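The chain contents come next:
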Amino acid sequence: MTSSAAEHARANRPDDWWRSAVVYQIYPRSFADSNGDGVGDLQGILGKLDYLATLGVDVVWLSPIYTSPQDDNGYDISDYTDIDPLFGSLADVDALIAGLHERGMKLVMDLVVNHTSDEHAWFVESRDPASPKRDWYWWRPARPGHPAGTPGAEPTNWGSFFSGPAWEHDPASDDYYLHLFSRKQPDLNWENPEVRQAVFSMMRWWLDRGIDGFRMDVINLISKSALADGEVSEGQVLSYDARLVADGPRLHEFLTEMKEQVLAGHNLLTVGEMPLTTVEKAASYTDPVTGELSMVFQFEHVDLDHGPYGKYSGQRLDWNDYKRNVVKWQSGLGAGWNSLYWENHDQPRSLSRIGDDSPELRVASAKTLASLLHLQRGTPYVYQGQELGMTNHPFAELGEFRDIEALRYAAEAHDRGQPVSDLLPHLARMSRDNARTPMQWTAEPGAGFSTAEPWIAVNPNHAEINAAAQVDDPASVFSHYQALIKLRHDHEVVRLGDFEMLAPDDDGLFAFTRTLGEEVWLVLANITSEPLRLPEDLPSHTGDDLMLGTHERVDPALLQPWESRVLRVSR
Ligand code: TEU
């Protein structure tokens with residue numbers, strides 16, 4: 001599983017600064033509210049830059065702050081070159097760029113160009129069949145033989161990611177438009193060269209403002225295959241056939257055009273969010289010479305606990321499946337590059353999902369989950385609050401959810417006759433809203449996030465889990481993240497070493513090595529809430545350097561519940 005020296009050289013070009021970086025994601029709506037309206041904002045973020053510098057991260061990825069009707073919390077953009085008043089102004093963004101740069105950090109902006117808002121001027125114009133912008137979106141007539149607007153008359157059988165058909169009927173022209181996400185997020189037609197030029201000039205406008213990269217929302221969906229009916233899986237009515245919507249035939253061409261016309265000559269971090277992609281394709285998008293992007297942000301590992309009803313199936317992660325998946329991506333990307341994450345604004349809290357969030361074990365569990373991710377090869381992403389060990393919210397009723405994806409799913413389940421009481425535990429476990437509860441700064445009411453009633457409830461455990469209690473405590477989850485970030489900065493083996501999984505089928509144990517030249521590091525982790533004796537054939541390495549641990553090492557052959565050790569075993 002060792003990769004060649006040539007591969008290392010390609011994956012370590014001196015100007016690829018992002019290979020040693022750690023990214024911190026801010027979801028502005030939930031980070032810090034400066035003006036007391038219950039919604040986070042840019043001035044709120046500006047007040048926390050020293051906190052980020054203390055943590056030690058290199059890059060901030062900011063979720064969308066552009067003008068938006070907020071149907072999908074800003075992932076529905078109606079003006080790409082202005083800021084929603086909810087969040088602030090362009091002057092605030094300039095201050096953010098300056099404030100981050102002063103502290104040695106960089107800013108990566110969210111680029112959402114698979115779709116716009118239906119309130120974007122382009123789409124408003126496109127609604128007129130005679131408009132030159134008609135072809136900027138995917139307008140199609142009803143299925144032949146079906147009266148427009150009747151059930152089943154959609155041009156294809158595609159389902160939207162947010163439940164229901166991916167086509168919306170427009171009574172004005174009797175045509176349908178495509179929306180892979182909500183009906184207020186019509187898909188742009190990238191086949192049209194004017195669309196590409198409009199997007200590219202907007203990207204140049206942002207680069208001129210001084211940003212350091214783009215996180216590209218569902219960028220592998222911009223090239224569609226034939227607009228034809230797809231396969232329907234058992235138990236489904238609509239098609240979610242990846243072959244038709246993801247990694248389409250012109251994706252490389254579109255991204256190459258973007259690279260040549262926008263990205264070239266800048267020293268950027270570009271990350272492509274790519275649902276449904278494969279390791280082979282990801283390798284091609286991120287090849288240092290022929291690829292178009294710095295790294296992918298892929299979904300295979302976060303989909304492992306999905307079942308027949310997707311993420312709301314009540315399935316738990318099988319850790320040995322995850323280990324196999326890690327091996328596949330760590331070895332399969334060659335000189336390509338991956339993002340390392342369990343959390344973002346679309347995922348529930350990892351501590352509740354795959355760890356142990358009980359008061360007794362949550363600190364150890366949060367630290368060990370962090371070590372397992374940060375010691376892999378790739379770029380680690382810390383999602384706001386993850387560095388504190390924030391947990392899922394105790395959602396108890398439907399009225400507490402805010403996310404369109406959960407609410408649309410619940411409405412559809414209701415139409416199918418599924419009682420809310422059956423659905424609630426699944427929503428509570430997997431809903432995106434778990435990531436979106438306010439950042440827990442202090443133990444005060446409102447968690448120091450806002451002085452007003454926040455747009456979504458604060459987790460009651462902010463009284464125990466908060467930044468104020470952790471920043472200066474060397475035993476805290478925060479301090480552990482700080483140490484992990486420093487390890488990556490200080491040691492080339494963490495950034496570039498080859499990965500080898502040990503004991504892949506041993507339940508309860510997650511063990512691997514990283515090797516660079518003579519330097520070998522060993523990571524040992526107990527991923528259960530019971531003590532774990534290390535297998536005899538696995539070195540316990542009493543005499544080696546403990547670079548970072550979660551517990552006092554009393555018995556070298558025994559790991560406490562959720563204990564992990566990062567060891568330097570030879571050099
Ligand atoms: O997410 C893409 C995506 O595939 C997820 O939305 C996923 O389908 C969802 O979590 C359902 O489980 C990106 C953004 O990160 C997300 O917030 C947006 O809603 C979406 O694109 C549309 O812009």
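Before reading further, recall that the structure is shown in the block above.
Residues numbered from 1 in each chain as written. Predicted model: local features only at pLDDT ≥ 70, side-chain atom pairs only at ≥ 80, totals over all residues. Heavy atoms only, no water.

**Student:** I'd like to hear about the overall build of the protein, residue by residue, with values.
**Tutor:** On a plain count of helices and strands, the protein comes out with 18 helices and 20 strands. Taking 571 residues into account, the globule formula puts the C-alpha radius of gyration at 25 Å, and the protein, at 24 Å, falls close to it. Reported as C-alpha extents along the three principal axes, the dimensions of the protein are approximately 75 × 55 × 50 Å. Counting over 571 residues, the protein shows a buried share of 60%. Expressed as a percentage of contacts within the protein between residues at least 6 apart in sequence, the contacts between residues at least 24 apart total 70%. Carbon and sulfur atoms provide 51% of the accessible area of the protein, an area that totals close to 20900 Å². Between the averaged position of the 48 positive side-chain charges in the protein and that of its 87 negative side-chain charges there is a distance of 3 Å. (Helix = DSSP H or I, 4+ residues; strand = E, 2+ residues; numbered from the N terminus. Rg over C-alpha atoms; globule rule 2.2 N^0.38 Å. Buried < 20%, exposed > 50% of the residue type's maximum accessible area, 1.4 Å probe, protein only. Contact = heavy atoms within 4.5 Å. Areas by Shrake-Rupley, 256 points an atom, 1.4 Å probe, with all protein chains shown as cover. Lys, Arg positive; Asp, Glu negative; His and termini not counted. Charge placed at Lys NZ, Arg CZ, Asp CG, Glu CD.)

**Student:** Provide a residue-level description of the packing of aromatic side chains, including the pertinent values.
**Tutor:** If you walk through the whole model with that rule in mind, you get 30 aromatic pairs. When the ring of Trp122 is compared with that of Trp136, the centres are 5.2 Å apart and the planes differ by 70°; the resulting orientation is edge-to-face. Here Trp122, found in helix α5 (residues 121–126), pairs with Trp136, found in the loop between α5 and β6 (139–140); they are 14 residues apart in sequence, far enough to count as distant. Under the relative-accessibility criterion, Trp122 is labelled buried at 15%. When the centroid spacing of 5.1 Å and the interplanar angle of 55° are considered together, the rings of Tyr322 and Trp342 count as tilted. On the criterion of sequence distance, the pair formed by Tyr322 in helix α10 (residues 319–332) and Trp342 in the loop between β12 (339–340) and α11 (350–353) is long-range, its members being 20 residues apart. (Phe/Tyr/Trp six-rings, centres within 6.5 Å; stacked < 30°, edge-to-face > 60°.)

**Student:** Describe the nonpolar core, listing the residues and the values that go with them.
**Tutor:** Membership of the largest hydrophobic core comes to 134 residues, with the highest contact counts inside it found for Tyr24, Trp190, Met203, Trp206, Leu269, Trp319 and Phe510. For this core, the element with the most residues is helix α6 (residues 193–208), which contributes eight residues. When near neighbours in sequence (up to four residues on either side) are disregarded, Phe510 contacts Trp319, Tyr322, Lys323, Val326, Leu372, Met501, Val523, Leu524, Ala525 and Ile527. Among the nonpolar cores identified, the runner-up in size contains 17 residues, and Ala142, Tyr176, Leu178 and Leu221 belong to it. (Core = buried A, V, L, I, M, F, W, Y, C linked by side-chain atoms within 4.5 Å.)

**Student:** Please provide a residue-by-residue account of the sheet that holds β12, values included.
**Tutor:** The sheet built from eight strands is open, its strands ordered β11-β10-β9-β5-β2-β1-β13-β12 with parallel pairing. The open sheet has two free edges, formed respectively by β11 (295–298) and β12, since each of these has just one partner strand. α6 contacts β5 (106–111) and β9 (213–216) of the sheet and is inclined by roughly 135° relative to β9. (Pairing = 2+ DSSP bridges. Axes fitted to C-alpha atoms, helices over the stretch in contact; angles between N-to-C directions.)

**Student:** How would you explain the environment of Lys133 if you had to name every residue and give the values?
**Tutor:** Tracing the backbone through its elements, the reader meets Lys133 in the loop between α5 and β6. As for Lys133 and Ala411, which are separated by 278 residues in sequence, their C-alpha atoms are 33 Å apart.

**Student:** Hey, could you go over the pairing of β5 for me, with residue numbers and the actual values?
**Tutor:** Taken across its six residues, β5 has five buried, putting it largely inside the fold. One ladder, built from four bridges, connects strand β2 (residues 59–62) with β5; its direction is parallel. Each residue of the ladder has a partner; that of Leu62, found in β5, is Met109. Of the pairings in the sheet, the one linking β5 to β9 comprises four bridges and is parallel in character. Note on β9: the bridge partner recorded for Leu111 is Met216.

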